[in-house]
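Structural description and commentary
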Amino acid sequence: MKMDLIETVHYYYENGNMVFTEKYHIDKGFCCGHACRHCPFDYECVPEPKRSIALEMRNGKVEDSAS
């Protein structure tokens with residue numbers, strides 16, 4: 001499925017990087033396994049231990065050193 005991406009709806013830029021929004025991921029329909037920041041699928045395809053770390057970061061339990 002090819003979709004036309006709209007800035008601020010499907011993605012935004014942060015520190016020169018493109019960040020996909022939750023809407024983009026929902027429209028895509030599945031977890032890609034890359035631990036995307038706005039993944040609505042609870043990182044189901046991300047291998048451990050990266051999955052647990054991503055979930056903790058999203059829930060505010062781990063300090064994000066990249067920010």
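Anyway, here's the lowdown on the structure attached to this text. What you see is a predicted model, and the numbers here were worked out from it, not measured in a lab.

The next subject is the packing of aromatic side chains. Two aromatic rings, taken as a pair, are described by how far apart their centres are and by the angle between their planes. Enumeration over the complete set of coordinates arrives at two aromatic pairs. On the numbers, 5.7 Å between centres and 85 degrees between planes, the contact of Y11 with Y13 is edge-to-face. By relative accessible area, Y11 is classed as buried at 13%. Both rings, one in F20 and one in Y24, keep their centres 4.0 Å apart while their planes meet at 20 degrees; by these two values the pair is stacked. If you follow K28 out to its NZ or CZ, it ends over the ring of F30, 5.1 Å from the centre.

The omega torsion of the bond from E48 to P49 falls at 0 degrees, within 30 degrees of zero and hence cis. Within the secondary structure, P49 is located in the loop between α1 (22-28) and α2 (50-58). Non-glycine residue A35 carries a positive phi angle of around 60 degrees. Following the sequence through the fold, A35 ends up in the loop between α1 and α2. Phi is positive for Y43, which is not a glycine, with a value near 55 degrees. With respect to the secondary-structure elements, Y43 resides in the loop between α1 and α2.

Rules used in this analysis
- Residues numbered from 1 in each chain as written.
- Predicted model: local features only at pLDDT ≥ 70, side-chain atom pairs only at ≥ 80, totals over all residues.
- Heavy atoms only, no water.
- Phe/Tyr/Trp six-rings, centres within 6.5 Å; stacked < 30°, edge-to-face > 60°.
- Buried < 20%, exposed > 50% of the residue type's maximum accessible area, 1.4 Å probe, protein only.
- Lys NZ or Arg CZ within 6 Å of the ring centre and 35° of its normal.
- Helix = DSSP H or I, 4+ residues; strand = E, 2+ residues; numbered from the N terminus.

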